[in-house]
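# Summary of the model geometry
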Amino acid sequence: MRSFFTRRRTPAAAESSAVVLATEPEPLTPAQLADLEVAWAELRQAVQESGVTSFLACTRDGSRWQEDQGSVRAMTDTIRRTQKYTAEGLQDGPAR
């Protein structure tokens, strides 16, 4: 068992573990662009209702979240849940 953990990687094994780089995304279709615009309208409304003045977001793979309707909707949901929690959750939360 000891030899298994102390064994060095062979050059072939090292070559097979190449880093995968993000490729350029496919252009959005007109339907996807329309859905993205709706998602952004929802986000703008949630931001206005919540009083959020600014926020930062990033993705794990380096892609632009602003161009992904799922990510925009996730940000909208996060803002709305946070707003609901701060308005209602403090009353129901544990005593400090």
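Below, the structure is looked at part by part. Residue positions within a chain follow its written sequence, with the count starting from 1. The model is predicted, so local features are restricted to residues of pLDDT at least 70 and side-chain atom pairs to those at 80 or more, both for listing and for counting; the totals for chains, interfaces and linings are taken over all residues. Values reported for side chains reflect all heavy atoms of the structure, with hydrogen atoms and water molecules removed beforehand.

## Thoughts on the side chain of Gln 69
Keep this limit in mind: Helix and strand labels come from DSSP, where a helix needs a run of H or I of at least four residues and a strand needs a run of E of at least two; each type is numbered from the N terminus. Two residues form a contact once any of their heavy atoms are found within 4.5 Å.
Here Gln 69 is to be found in helix α4 (residues 69–92). Those residues in contact with Gln 69 that sit more than four places away from it in its chain are Gln 32, Asp 35, Leu 36 and Ala 39.

## Describing the nonpolar core
Test applied: Only buried residues count toward a nonpolar core, which is a set of Ala, Val, Leu, Ile, Met, Phe, Trp, Tyr and Cys residues joined through side-chain atoms within 4.5 Å. Relative accessibility decides the category of a residue: with a 1.4 Å probe and only protein chains considered, values under 20% of the type maximum give buried, values over 50% give exposed, and everything between is partly exposed.
One finds Leu 36, Ala 39, Leu 43, Ala 46, Trp 65, Val 72, Met 75 and Ile 79 forming the largest nonpolar core, which totals 8 residues. Counting only elements with at least two residues in this core, the list comes to α3 (30–50) and α4. Per element, the largest residue contribution to this core is 4 residues, and it comes from α3. Excluding residues within four positions of it along the chain, Ala 46 makes contact with Thr 76, Ile 79 and Arg 80.

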